[in-house]
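Listed here are the chains, written in short residue letters.
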Amino acid sequence: NGATGNPRGALVVLEGLDRSGKTSQASGLLTYLEGQGLSAELWRFPDRNTCVGQMISSYLSNKSELDDRTIHLLFSANRWEKRTLMESKLRSGTILIVDRYSYSGVAFSSAKGLDIEWCKGPEKGLLAPDLVAYLDVPPEKAAERGGYGGERYEQLEFQKKVAQHYEMLHDLTWKTVDACLPMEEVAKQLREIVMDCVVNCQKGKPLIELWQ
Ligand code: FDM
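It should be emphasised that the depicted structure is a prediction, and the values quoted were computed from it without experimental measurement.

**What about the packing of aromatic side chains?**
Line of reasoning, step 1. One pass over the full model with this rule turns up 11 aromatic pairs.
Line of reasoning, step 2. Ring geometry for Phe108 against Tyr166: centres 6.4 Å apart, planes inclined by 85°, an arrangement best described as edge-to-face. Linking Phe108 in helix H5 (residues 102-111) with Tyr166 in helix H8 (residues 156-167), this pair joins segments that are 58 residues apart in sequence. For the pair Phe108 and Tyr166, one class covers both residues: buried.
Line of reasoning, step 3. Cation over ring: Arg191 sits above Tyr32, and NZ or CZ is 5.3 Å from the ring centre.

In structure tokens, the structure reads:
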């Protein structure tokens, strides 16, 4: 519990391939949680507003080239620079819905061929999510959804590899939702698993760190 004595907020992460629906579902969730009278915020990684985030953004839009390990460490640094704020928000009772986190970091970099344990290294000590909701969509189907936006990783063959690497990251906090279901059904399932998680955190589930 925080200094205010509030029950702590839940750290909820949404993961999935590009075009899996994460961003729309995240904003739907925020509206729902606020409607329940809960304090909640929507975050996303990469956070392109910081200096590190701008380097990442320029890399993703193919305006700059970086070595695979270098960009991996920048993505990680972009989470580290938010860690203190993240912890204080959670301890003061705010629920954080986070669109992509360390799981994207490891899945995308290891899909390029980097060693998975090496990829996890810099994530150790960041806050562990209370729930990772994985929006599961076959890569082919995601590619059909209005096409990709043209950023560096938005290519079918690469997304197939990312999907395989995500599978290696399943842990106890991981819940898979079938993202091929109608949007409203996905939203309903998400609300249920998220509310379960929110209640557990209110009851005192401890905040722990990655990657134990
Ligand atoms: N991505 C995202 C990574 O490769 N590593 C990371 O740590 C994170 C958070 O960046 F292709 C990739 C995943 C995706 C791109 O796209 C960010 P969006 O559209 O901003 O989610």
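Next comes the rest of the description.
**Brief notes about the environment of Val194**
Line of reasoning, step 1. Here Val194 shows up in helix H9 (residues 183-202).
Line of reasoning, step 2. The spatial distance from the C-alpha of Val194 to the C-alpha of Leu11 is 9.7 Å, given a sequence separation of 183 residues.
Line of reasoning, step 3. Each residue touching Val194, except ones within four places of it in the same chain, is listed here: Val12, Leu29, Leu33 and Leu131.

**Focus on the site of the ligand**
Line of reasoning, step 1. Taken together, 13 residues are adjacent to the ligand, and Arg48, Phe75, Arg79, Arg100 and Gly105 come closest.
Line of reasoning, step 2. Between Arg44 and the ligand, the recorded distance is 3.5 Å, taken from a side-chain N or O atom to an oxygen atom.
Line of reasoning, step 3. Arg48 has a polar side-chain atom sitting 3.0 Å from an oxygen atom of the ligand.
Line of reasoning, step 4. Considered on its own, the ligand offers 480 Å² of accessible surface; in the complex 92% of this is hidden by protein.
Line of reasoning, step 5. When residues of the shell around the ligand are traced back to their parent elements, those giving at least two are helix H3 (68-80) and H5.

**Thoughts on the confidence of the model for the protein**
Line of reasoning, step 1. For the protein, per-residue confidence averages 96 on the pLDDT scale, and residues scoring 70 or more make up 98% of the total.
Line of reasoning, step 2. Of all secondary-structure elements in the protein, the lowest mean pLDDT belongs to helix H7 (residues 139-144), at 94, while H3 reaches the highest, 99.

**Quick look at the nonpolar core**
Line of reasoning, step 1. Judged by nonpolar contacts, the single largest core of 39 residues is most densely connected at Met86, Val98, Tyr101 and Tyr166.
Line of reasoning, step 2. For this core, the secondary-structure elements that each account for two or more residues are strand E1 (11-16), helix H2 (51-60), H3, helix H4 (83-91), strand E3 (95-99), H5, strand E4 (131-136) and H8.
Line of reasoning, step 3. The element that contributes the greatest number of residues to this core is H5, accounting for 5 residues.
Line of reasoning, step 4. In this structure Tyr166 touches Glu15, Gly16, Leu17, Arg100, Tyr103, Ser104, Ala107, Phe108, Tyr134 and Trp174, once residues within four positions along its chain are discounted.
Line of reasoning, step 5. Membership of the second largest hydrophobic core comes to 25 residues, among which are Ile97, Ala179, Val194 and Val198.

**Here's the deal with the packing of helix H1 (residues 22-35) against H9**
Two packed helices can be described by the angle between their axes and the distance between those axes.
Line of reasoning, step 1. Orientation of H1 relative to H9, taken along the N-to-C sense of each, is 55°, at an axis distance of 10 Å. Compared by their axis directions, H1 and H9 come out oblique. Crossing hand, H1 versus H9: right-handed. Residues Ser24, Gln25, Leu29, Tyr32 and Leu33 of H1 lie in contact with H9, whose contacting residues are Met183, Val186, Ala187, Leu190, Arg191, Val194 and Met195.
Line of reasoning, step 2. A per-class count over the contact of H1 with H9 returns 9 nonpolar, 2 polar and 1 charged.

**A closer look at the packing of H2 against H3**
Line of reasoning, step 1. Running from N to C, H2 and H3 point in directions that differ by 135°, and their axes come no closer than 9 Å. By the angle class used here, H2 and H3 are oblique. The crossing of H2 and H3 is left-handed. Residue-level inspection shows Val52, Gly53, Met55, Ile56, Tyr59 and Leu60 of H2 in contact with H3, the latter providing Asp68, Ile71, Leu74, Phe75, Ala77 and Asn78.
Line of reasoning, step 2. For the contact of H2 with H3, the class distribution of residues is 9 nonpolar, 2 polar and 1 charged.

**Let's talk about the side chain of Ser110**
Line of reasoning, step 1. Mapping Ser110 onto the fold places it in helix H5.
Line of reasoning, step 2. Since its relative accessible area comes to 3%, Ser110 is described here as buried.
Line of reasoning, step 3. Only 2.7 Å separates the side chain of Ser110 from the backbone oxygen of Val106, close enough to count as a polar contact.
Line of reasoning, step 4. Separated by 3.0 Å, the side chains of Ser110 and His165 make a polar contact.
Line of reasoning, step 5. When neighbours within four sequence positions are excluded, Ser110 is seen to be in contact with Ile116, Cys119 and His165.

Reading guide: rules and limits
Think of each chain on its own: its residues are numbered from 1, step by step along the sequence as written. The model is predicted, so local features are restricted to residues of pLDDT at least 70 and side-chain atom pairs to those at 80 or more, both for listing and for counting; the totals for chains, interfaces and linings are taken over all residues. Hydrogens and water molecules were not included; the side-chain quantities draw on all heavy atoms of the structure. Whether two aromatic rings pair depends on their centres lying within 6.5 Å, for rings of Phe, Tyr and Trp, where Trp uses its six-membered ring; planes under 30 degrees apart make the pair stacked, over 60 edge-to-face, and the rest tilted. A run of DSSP states H or I qualifies as a helix once it reaches four residues; a run of E qualifies as a strand once it reaches two. Both are numbered from the N-terminal end. Partly exposed describes any residue whose relative accessible area lies between the buried limit of under 20% and the exposed limit of over 50%, with all areas from a 1.4 Å probe on protein chains only and scaled to the type maximum. Only when the NZ of Lys or the CZ of Arg is both within 6 Å of the ring centre and within 35 degrees of the ring normal is a charge said to sit over the ring. Every residue pair with non-hydrogen atoms within 4.5 Å of one another is taken to be in contact. Near residues are defined by distance, with any heavy atom within 4 Å of the molecule or strand qualifying the residue. Whenever a nitrogen or oxygen atom comes within 3.5 Å of another N or O atom, the pair is scored as a polar contact, on the condition that within protein one atom can donate a hydrogen and the other can accept it, and that pairs from neighbouring residues in sequence are kept only if both atoms are in side chains. Accessible surface is estimated by sampling points in the Shrake-Rupley manner with a 1.4 Å probe; for residues, cover comes only from the protein chains shown. pLDDT measures how confident the predictor is about each residue, on a scale from 0 to 100. Nine residue types can take part in a nonpolar core, namely buried Ala, Val, Leu, Ile, Met, Phe, Trp, Tyr and Cys, and a core is a set of them joined through side-chain atoms within 4.5 Å. Axes here refer to lines fitted to C-alpha atoms; in helices the fit is confined to the stretch in contact. Angles between the N-to-C directions go from 0 to 180 degrees. Between 65 and 115 degrees an angle is taken as roughly perpendicular, under 35 as roughly parallel, over 145 as roughly antiparallel, and anywhere else as oblique. Crossing handedness follows the turn of the near helix against the far one: under a right angle anticlockwise gives a left-handed crossing, and clockwise gives a right-handed one. All residues other than Ala, Val, Leu, Ile, Met, Phe, Trp, Tyr, Cys, Pro, Asp, Glu, Lys and Arg, Gly among them, are scored as polar; the first ten of these are nonpolar and the last four charged.

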